[in-house]
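Below, each chain spelled out in residue letters.
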Amino acid sequence: MSDIVWHQHSIDQQSRAEQKGQNPILLWFTGLSGSGKSTLAGALERALFDAGFHTYLLDGDNVRHGLCKDLGFSSEDRDENLRRVGEVAKLMVDAGLVVLSAFISPTREERERVRALFEAGQFIEVHVSTPIEVCEARDPKGLYSKARAGEIKDFTGISAPYEVPTAAELTIDTSKGDLANQVRALLDYLAAIQVIDSEKLKAVV
Ligand SMILES: Nc1ncnc2c1ncn2[C@@H]1O[C@H](COP(=O)(O)OS(=O)(=O)O)[C@@H](OP(=O)(O)O)[C@H]1O
Ligand SMILES: Nc1ncnc2c1ncn2[C@@H]1O[C@H](COP(=O)(O)OP(=O)(O)O)[C@@H](O)[C@H]1O
């Protein structure tokens, strides 16, 4: 690696962000399978997109069909999955986008490794803290029943660990309240820390 020298191009993150009229950030949704990560991230992206923000949503299920289709669910493979996703998200933030991601990302170390790729304030961790009993009762893909029956090994929350975040910027339990209010709470937070312009949002929310 020491023979490879970083090439500094003339258009930097700030110029790309200014062109788009927004602050690039990564909103990192973490939580158990079925906790509501994709739904929440998708609804928030819709609100931001409709308000004119330039966004992109990276979703675990989708990324595992392409970029990470060679990876499974051992702890080594999850580490590599999240390493790749972190690097891709960094490129997207560098391109000036508001990036949202929805990955279980079960360990604090993995999440902190991604956080360390970003400048302070650019990585916003959202813990989707829906209790496992609710996630298991929802079981939209039937994965919890398969895991209980021993048909899926290393299933997060059943036979593989999930380490609860200790310093997430936001925590949302989707078993309480409704989706519209949860999205509102996220938008209010983003406006309060001034990463999004609340005037821009008024037209749609
Ligand atoms: N063993 C095991 N454990 C957990 N999840 C499993 C497993 N096998 C398949 N799935 C499905 O894969 C989705 C999670 O992928 P992620 O890339 O988010 O996982 S991780 O962050 O690398 O841990 C996850 O999607 P979500 O339900 O949307 O979270 C599951 O549908
Ligand atoms: N905000 C919410 N309020 C109520 N139910 C929700 C909410 N978000 C998701 N759900 C329910 O939970 C299920 C799993 O949601 P999903 O977004 O796919 O979770 P994840 O991406 O964490 O696996 C959905 O099929 C839906 O029934």
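In case you missed it, the structure is sitting above this.
Keep in mind that this is a model prediction, so the values were computed, not measured.

1. Focus: the overall build of the protein chain
So, step 1. The helix and strand tally for the protein chain stands at nine helices and five strands.
So, step 2. Walking the protein chain from its N terminus toward its C terminus, one meets helices and strands in the order α-β-α-β-α-α-β-α-β-α-α-β-α-α.
So, step 3. Taking 2.2 N^0.38 as the reference for a compact globule, 205 residues should give roughly 17 Å; the C-alpha atoms of the protein chain span a radius of gyration of 18 Å, in line with that estimate.
So, step 4. Based on the C-alpha atoms only, the size of the protein chain along its principal axes is roughly 55 × 50 × 30 Å.
So, step 5. For the protein chain, the proportion of its 205 residues judged to be buried stands at 42%.
So, step 6. Taking contacts inside the protein chain between residues at least 6 apart in sequence as the whole, the part at least 24 apart equals 75%.
So, step 7. For the protein chain, the computed accessible surface area is about 11100 Å², with 53% contributed by carbon and sulfur atoms.
So, step 8. Once the 23 positive and 31 negative side-chain charges of the protein chain are each reduced to a mean point, those two points are 3 Å apart.

2. What about the site of ligand 2?
So, step 1. Around ligand 2, the surrounding shell holds 13 residues, and the nearest of these are Gly34, Lys37, Ser38, Thr39 and Gln182.
So, step 2. Arginine 138 has a polar side-chain atom sitting 3.2 Å from an oxygen atom of ligand 2.
So, step 3. The backbone of threonine 174 places a nitrogen or oxygen atom 3.3 Å from a nitrogen atom of ligand 2.
So, step 4. When ligand 2 is considered free in solution it has 560 Å² of accessible area, and contact with the protein chains removes 72% of it.
So, step 5. Listed by contribution, the elements that provide at least two residues to the shell around ligand 2 are helix 2 (37–50) and helix 8 (179–192).
So, step 6. Here the shell around ligand 2 takes three residues from helix 2, the largest share from any one element.

3. Regarding the sheet that holds strand 2 (residues 55–59)
So, step 1. Pairing in this open sheet of five strands is parallel, and the strands run 2-3-1-4-5 from one edge to the other. Of all strands in the sheet, those bounded by a partner on one side alone are strand 2 and strand 5 (170–172). The sheet shows a mean angle of 20° between the axes of neighbouring strands, taken without regard to direction.
So, step 2. Relative to strand 3 (residues 98–102), strand 2 is paired through five bridges, and the arrangement is parallel. Looking across to strand 3, one finds that leucine 57 is bridged to leucine 100.
So, step 3. Sitting on the sheet, helix 8 is in contact with strand 1 (25–30), strand 4 (123–128) and strand 5, with an inclination near 175° to strand 5.

4. Side note on the packing of helix 2 against helix 8
Each pair of packed helices can be described by the angle between their axes along with the distance between the axes.
So, step 1. The geometry of helix 2 relative to helix 8 is characterised by a closest axis approach of 10 Å and an angle of 65° between their N-to-C directions. With respect to the hand of their crossing, helix 2 and helix 8 are arranged in right-handed fashion. Touching Thr39, Leu40, Ala43, Leu44, Ala47 and Leu48 of helix 2 are Leu179, Gln182, Val183, Leu186 and Leu187, all from helix 8.
So, step 2. Along the lines of polarity and charge, the residues of the contact of helix 2 with helix 8 split into nine nonpolar, two polar and no charged.

5. What to know about the site of ligand 1
So, step 1. The immediate surroundings of ligand 1 are formed by 21 residues, with Ser33, Arg64, Arg78, Asn81 and Ser105 found nearest.
So, step 2. Between aspartate 154 and ligand 1, the recorded distance is 2.9 Å, taken from a backbone N or O atom to a nitrogen atom.
So, step 3. Burial of ligand 1 by the protein amounts to 92% of the accessible area it has alone, namely 630 Å².
So, step 4. Put simply, the parts of the chain that give the shell around ligand 1 at least two residues each are helix 3 (60–63) and helix 4 (75–94).

6. Side note on helix 5 (residues 108–115)
So, step 1. Turning to helix 5, its buried residues number three or more, namely Glu110, Arg111 and Val114. Summarising the axial view, the buried residues of helix 5 lie within an arc of 95°, below the 170-degree limit, and thus occupy one face.
So, step 2. Among the structural elements, strand 1, helix 4 and strand 4 are those in contact with the buried residues of helix 5.

Rules behind the numbers
Sequence order as written defines residue numbering, which begins from 1 separately in each chain. Numbering of ligands from 1 and lettering of chains from A proceed in the order in which they are written. For this predicted model, a pLDDT threshold of at least 70 governs which residues receive local features, and a threshold of 80 or more governs which side-chain atom pairs are given and counted, while totals over whole chains, interfaces and linings are taken from all residues. Side-chain measures were taken over the full set of non-hydrogen atoms in the model, leaving aside hydrogen atoms and water. Secondary structure elements are taken from DSSP: a helix is a run of H or I of four residues or more, a strand is a run of E of two residues or more, and numbering for both begins at the N terminus. Values of the radius of gyration come from C-alpha atoms, whereas the globule rule sets the reference at 2.2 Å times the count of residues to the power 0.38. Between buried and exposed lies partly exposed: a residue is buried under 20% and exposed over 50% of the maximum accessible area for its type, with that area taken using a 1.4 Å probe on protein chains only. Pairs of residues are marked as contacts when any of their non-hydrogen atoms sit within 4.5 Å. Surface accessibility in these figures is a Shrake-Rupley result with a 1.4 Å probe; residues are shielded only by whichever protein chains are displayed. We score Asp and Glu as negative and Lys and Arg as positive, and we do not count His or the chain ends. Charge positions are represented by NZ for Lys, CZ for Arg, CG for Asp and CD for Glu. Any residue with a heavy atom lying within 4 Å of a molecule or strand is counted as near it. Counting of polar contacts relies on pairs of N or O atoms within 3.5 Å, with two restrictions inside protein: one atom must be capable of donating a hydrogen and the other of accepting it, and residues adjacent in sequence are counted only when both atoms are side-chain atoms. Only when DSSP finds a minimum of two bridges between them are two strands counted as paired. Angles here are taken between N-to-C directions and fall from 0 to 180 degrees, while the axes themselves are lines fitted to C-alpha atoms, restricted in helices to the stretch in contact. By convention, the crossing between two helices is left-handed when the near helix turns anticlockwise from the far helix through less than a right angle, and right-handed when the turn is clockwise. Throughout this entry, Asp, Glu, Lys and Arg are counted as charged residues, while Ala, Val, Leu, Ile, Met, Phe, Trp, Tyr, Cys and Pro are counted as nonpolar. The remaining residues, Gly among them, count as polar. Working definition: the arc comes from the directions between the helix axis and the C-beta atoms, pointing outward to the latter.

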